[in-house]
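Next come the chains, spelled out residue by residue.
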Amino acid sequence: MTVLQNEGEAGARQSAGGWLRIDLDALKQNYTLLRHQVGHDVAVGAAVKADAYGLGVRHVAPALYRAGCRRFFVATIDEGLGLRPLLPDDAAICILNGPPAGTETLLAASGLTPVLNSLDQTRRWAVLCRKTGSRPACILQLDSGMSRFGLSSEDLDSFCADGLHDVLDITFVMSHLACADDAASPRNDGQRQRFNALRQKLPTLPASLAASSGIFLGTSFHHDLVRPGYALYGGNPTPHRANPMHQVVTLLGGLVQDRWIEPDTAVGYSARFIATQKTRIATLSVGYADGFHRRAGGLTSAVLPARPEISLPVVGRISMDCMALDITALGDMDLPSGTGFELIGPHRPLDDLASALDTIGYELLTSLGKRFHREYIESSP
Ligand SMILES: *Cc1c(COP(=O)(O)O)cnc(C)c1O
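Residues numbered from 1 in each chain as written. Predicted model: local features only at pLDDT ≥ 70, side-chain atom pairs only at ≥ 80, totals over all residues. Heavy atoms only, no water.

**Some thoughts on the side chain of Arg192**
(1) Moving on: Turning to its location among the elements, Arg192 is positioned in helix 10 (residues 186–199).
(2) Moving on: The exposure class of Arg192 is buried, given its relative accessible area of 16%. (Helix = DSSP H or I, 4+ residues; strand = E, 2+ residues; numbered from the N terminus. Buried < 20%, exposed > 50% of the residue type's maximum accessible area, 1.4 Å probe, protein only.)

**Remarks on empty space enclosed by the protein**
(1) Moving on: Under the defined criterion, the tally for this structure stands at two cavities of 30 Å³ or more.
(2) Moving on: Estimates place the volume of the largest cavity at around 50 Å³.
(3) Moving on: Around the largest cavity, the lining residues are Gln141, Leu142, Asp143, Ser144, Met146, Arg148, Phe149, Ser175, His176 and Gln191.
(4) Moving on: Taken as a whole, the second largest cavity encloses approximately 40 Å³ of empty space.
(5) Moving on: Contributing to the lining of the second largest cavity are Leu251, Gly291, Phe292, His293, Ile344, Leu353, Leu364 and Leu368.
(6) Moving on: In terms of residue class, the lining of the second largest cavity is made up of six nonpolar, two polar and no charged. (1 Å grid on protein atoms, 1.4 Å probe; cavity = no way out; pocket = protein on both sides within 12 Å on 5 of 7 lines; lining within 4 Å. Points joined across faces, edges and corners; volume = space filled by probe spheres on them. Nonpolar A, V, L, I, M, F, W, Y, C, P; charged D, E, K, R; others polar.)

**Some details on unusual backbone geometry**
(1) Moving on: One non-glycine residue with positive phi stands out, namely Asp264, at about 75 degrees.
(2) Moving on: You can see Asp264 is positioned in the loop between strand 12 (249–261) and strand 13 (266–267).
(3) Moving on: In this structure, Ser270 takes a positive phi of about 65 degrees despite not being glycine.
(4) Moving on: Inspection of the secondary structure assignment puts Ser270 in the loop between strand 13 and strand 14 (273–274).
(5) Moving on: For Ser270, a relative accessible area of 53% puts it in the exposed group.

**Remarks on the site of the ligand**
(1) Moving on: Inspection of the region around the ligand gives 14 residues, with Lys49, Tyr53, Ser212, Gly229 and Tyr362 positioned closest.
(2) Moving on: Within the side chain of Tyr53, one N or O atom sits 2.5 Å away from an oxygen atom of the ligand.
(3) Moving on: Taking Tyr230, its main chain carries an N or O atom lying 2.8 Å from an oxygen atom of the ligand.
(4) Moving on: If the ligand stood free it would expose 390 Å²; the protein chains cover 90% of that surface. (Near = heavy atom within 4 Å. Polar contact = N/O pair within 3.5 Å; in protein donor to acceptor, adjacent residues only side chain to side chain. Areas by Shrake-Rupley, 256 points an atom, 1.4 Å probe, with all protein chains shown as cover.)

**Structural notes on the domain arrangement of the protein**
(1) Moving on: Under the domain assignment, the protein is made up of domain 1 (24–233) and domain 2 (249–348).
(2) Moving on: Taking only C-alpha atoms into account, the centre of domain 1 sits 42 Å from that of domain 2. (Domains from an automatic or database assignment.)

**Re helix 8 (residues 153–161)**
(1) Moving on: Three or more residues of helix 8 are buried, namely Ser153, Leu156 and Phe159. All buried residues of helix 8 fall inside an arc of 110 degrees around its axis, so they share one side. Of the exposed residues in helix 8, the ones pointing more than 90 degrees away from its buried face are Glu154 and Ala161.
(2) Moving on: Gly163 occupies a position one or two residues after helix 8 and carries a positive phi of about 65 degrees. (Arc of directions from axis to C-beta.)

**Quick notes on the layout of surface pockets**
(1) Moving on: The space that makes up the largest pocket amounts to roughly 1,100 Å³.
(2) Moving on: Taken together, 48 residues line the largest pocket, and the ones lying closest to its centre are Tyr53, Ser213, Tyr230, Ile360 and Tyr362.
(3) Moving on: The set of elements that each furnish at least two residues to the lining of the largest pocket consists of helix 3 (49–53), helix 11 (212–215), helix 12 (350–356) and helix 13 (361–367).
(4) Moving on: For the lining of the largest pocket, the element with the highest residue contribution is helix 12, accounting for five residues.
(5) Moving on: Each residue belonging to the lining of the largest pocket can be placed in one class, and the counts come to 26 nonpolar, 16 polar and six charged.

**Structural notes on the pattern of salt bridges**
(1) Moving on: Using the criterion set out here, one finds 13 salt bridges in the structure.
(2) Moving on: Notably, a salt bridge pairs Arg124 with Glu104, separated by 2.2 Å at the nearest N-O pair. A residue pair is termed long-range when its members are at least 10 positions apart, and Arg124 in helix 7 (residues 119–132) and Glu104 in helix 6 (residues 104–110) qualify at 20 residues. The residues Arg124 and Glu104 share a single accessibility class, namely buried.
(3) Moving on: For the salt bridge of Arg123 with Asp162, the shortest nitrogen-to-oxygen distance reads 3.3 Å. Remark: Asp162 occurs in the loop between helix 8 and helix 9 (164–167) and Arg123 occurs in helix 7; sequence separation between them is 39 residues.
(4) Moving on: With relative accessibility at 38%, the residue Arg123 sits in the partly exposed group.
(5) Moving on: Overall, Asp162 belongs to the partly exposed group, its relative accessible area being 40%. (Salt bridge = Lys/Arg side-chain N within 4 Å of Asp/Glu carboxyl O.)

**What to know about the packing of aromatic side chains**
(1) Moving on: Following the criterion strictly, the structure yields three aromatic pairs and no others.
(2) Moving on: Each ring, one from Tyr53 and one from Tyr233, has its centre 4.9 Å from the other, and the planes form 45 degrees; the classification is tilted. Placement of Tyr53 in helix 3 and of Tyr233 in the loop between strand 11 (225–226) and strand 12 is noted, with a sequence separation of 180 residues between them.
(3) Moving on: With a relative accessible area of 6%, Tyr53 lands in the buried category.
(4) Moving on: Judged by its relative accessible area of 1%, Tyr233 is buried.
(5) Moving on: Between Tyr230 and Tyr362 the ring centres are 4.0 Å apart and the planes differ by 15 degrees, which places this aromatic pair in the stacked class. With a gap of 132 residues between them, Tyr230 in the loop between strand 11 and strand 12 and Tyr362 in helix 13 connect regions that are remote in the sequence.
(6) Moving on: By the ring-pair criterion, three or more aromatic residues cluster together here, those being Tyr53, Tyr230, Tyr233 and Tyr362.
(7) Moving on: Over the ring of Tyr65 we find Arg70, and its NZ or CZ is 3.5 Å from the ring centre.
(8) Moving on: Sitting over the face of the ring of Phe195, Arg199 holds its NZ or CZ atom 5.2 Å from the ring centroid. (Phe/Tyr/Trp six-rings, centres within 6.5 Å; stacked < 30°, edge-to-face > 60°. Lys NZ or Arg CZ within 6 Å of the ring centre and 35° of its normal.)

Have a look at this one:
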């Protein structure tokens with residue numbers, strides 16, 4: 001494996017407190033895995049909003065393009081404007097949160113594809129089409145039961161009565177599943193049926209419903225395009241079952257110092273951890289300012305990558321810039337300062353950390369801070 005896009009010199013690795021390793025080979029393997037999962041009649045786009053879920057869109061999106069992805073989803077126009085110069089012209093960039101009033105000309109001029117989420121947005125896009133005599137591509141979203149974005153059944157009737165589908169060039173009709181991470185939820189099938197029923201009101205158009213978890217609900221959810229995000233980044237799209245995806249993210253916290261403490265000695269703010277025996281405490285240079293949640297103290301553990309079988313509990317309160325590990329189980333093992341402890345990675349899965357913290361891996365990834373030394377690994381671009 002070669003590191004082709006290293007954002008700093010070797011020294012920069014040590015001058016940062018923690019290191020984030022992002023495996024672009026695994027990312028591309030995940031893209032290919034999802035492609036096989038849906039078969040070749042179905043296109044696979046990629047959700048790269050929120051800086052590719054915190055992993056760095058300027059590395060992630062071009063890597064996905066090299067893996068064959070030609071449709072990218074971001075939330076806002078600003079995200080789209082940032083992404084446009086990073087991708088060739090044949091890559092479509094779609095704005096999930098739709099066009100705020102007055103942004104239509106900017107969108108069309110910038111080669112961005114709006115997701116039209118309301119009747120008002122469809123009308124404004126139609127005005128642009130009529131005014132310019134052109135038909136820039138758009139996506140039409142229907143509300144199939146999430147009450148977040150998209151035209152209601154009544155909106156769709158007005159849309160059709162106004163003949164707007166003749167004015168617009170709609171490349172996809174889409175909707176979004178609220179409960180896809182719960183494969184047993186009857187709401188999945190309910191939304192699918194509602195989506196398909198709403199689509200009957202329109203001329204036949206390509207359709208898109210599934211994101212990461214929806215892909216694993218079966219072929220009836222695939223339609224013509226799927227829009228995974230989290231699964232590409234190694235998150236488990238099938239909670240409660242083994243993760244079919246490849247591990248993309250590894251987070252290592254660097255050792256700053258370590259000490260043996262006596263029984264009854266306190267560790268960290270508010271003395272939330274008191275040693276009950278002679279205990280070896282390691283201080284790592286990663287804290288809540290790096291997105292490692294303050295409440296993680298006492299709820300999770302780290303490992304030394306060379307000794308993954310030994311679990312090392314995170315003890316006491318997480319500080320802004322550091323945390324404490326109980327490394328008594330390592331005995332007197334020699335640990336040079338700067339030794340990396342795995343906080344997220346092959347031995348400490350993202351989804352396990354998320355459930356220990358009563359959140360989801362999406363939130364952990366998008367909270368990862370700016371101070372890490374980032375390494376992007378790619379053997380064959
Ligand atoms: C974020 C998002 C996706 C991707 O969802 P994942 O669960 O990360 O795969 C797809 N579609 C829409 C509309 C989204 O907002």
